[in-house]
Amino acid sequence: GPSPVGWPATTATAATATATAGGDGCSTDEEGLLGLCYDKCSSLTNGEYPYRQSAWTCCQTAECTKNPFEMFKCCKHNMGWCSGFDIAGMHEGNKVCPHKPGACAADEELFLGMCYMKCSLIDPTLPYRVGPA
């Protein structure tokens, strides 16, 4: 819809694939798992549990889930829907749901799979996006 007078238009663009060191199409502050990009476990756990095992599980070693009895000793779980460990990297916004590979430009934020100009740039008093307009 039209933008309020004096505000820049909010135009959505598709997130574009980006090359990363991991080659998974996720942003540099993210890791890929099962076709989605998540915030890195190493960032979420201050390096204590750097290996992602699921949307909600980060582990100390890559092998700790082979023995289900050991999983609770070497893994940390933080379940939530688009919260806890189930979030995209902070470059995409604050507590944004995991997304398909691709990233927004530095002055954009991801919302429902599309990139929009950051709300904080449009109006610093309203920094959080809750809808596409």
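What you are looking at is a predicted structure, and each value in this text was computed from that prediction instead of being measured.

Draft legend 1. Quick look at the overall build of the protein. Counting its regular elements, the protein contains three helices and eight strands. Put simply, the protein runs from its N terminus to its C terminus through helices and strands in the order β-β-β-α-β-β-α-β-β-β-α. Expressed as a percentage of the 133 residues in the protein, the buried residues total 35%. Considering only contacts within the protein whose residues lie at least 6 apart along the sequence, 36% involve residues at least 24 apart. A total accessible area of about 8,000 Å² is found for the protein, and carbon and sulfur atoms account for 60% of it.

Draft legend 2. Fine view of the sheet that holds strand S4 (residues 51–54). Spatial ordering of the open sheet is given by S4-S5-S6, a layout of three strands whose pairing is antiparallel. With one partner strand each, in any of the chains shown, S4 and strand S6 (75–77) form the two edges of the open sheet. Put simply, the sheet's adjacent strands are angled 30° from each other on average, direction ignored. Relative to strand S5 (residues 57–59), S4 is paired through three bridges, and the arrangement is antiparallel. The residue bridging tyrosine 51 from the neighbouring strand is cysteine 59, located in S5.

Draft legend 3. Quick peek at the pattern of salt bridges. Going through the model one piece at a time under the given rule, you end up with two salt bridges. As a salt-bridge pair, glutamate 31 and arginine 52 come within 2.9 Å of each other at their nearest N and O atoms. Residue glutamate 31 is located in strand S2 (residues 30–33), and its partner arginine 52 is located in strand S4; the two are separated by 21 residues in the primary sequence.

Reading the values: rules and limits
- Residues numbered from 1 in each chain as written.
- Predicted model: local features only at pLDDT ≥ 70, side-chain atom pairs only at ≥ 80, totals over all residues.
- Heavy atoms only, no water.
- Helix = DSSP H or I, 4+ residues; strand = E, 2+ residues; numbered from the N terminus.
- Buried < 20%, exposed > 50% of the residue type's maximum accessible area, 1.4 Å probe, protein only.
- Contact = heavy atoms within 4.5 Å.
- Areas by Shrake-Rupley, 256 points an atom, 1.4 Å probe, with all protein chains shown as cover.
- Pairing = 2+ DSSP bridges.
- Axes fitted to C-alpha atoms, helices over the stretch in contact; angles between N-to-C directions.
- Salt bridge = Lys/Arg side-chain N within 4 Å of Asp/Glu carboxyl O.

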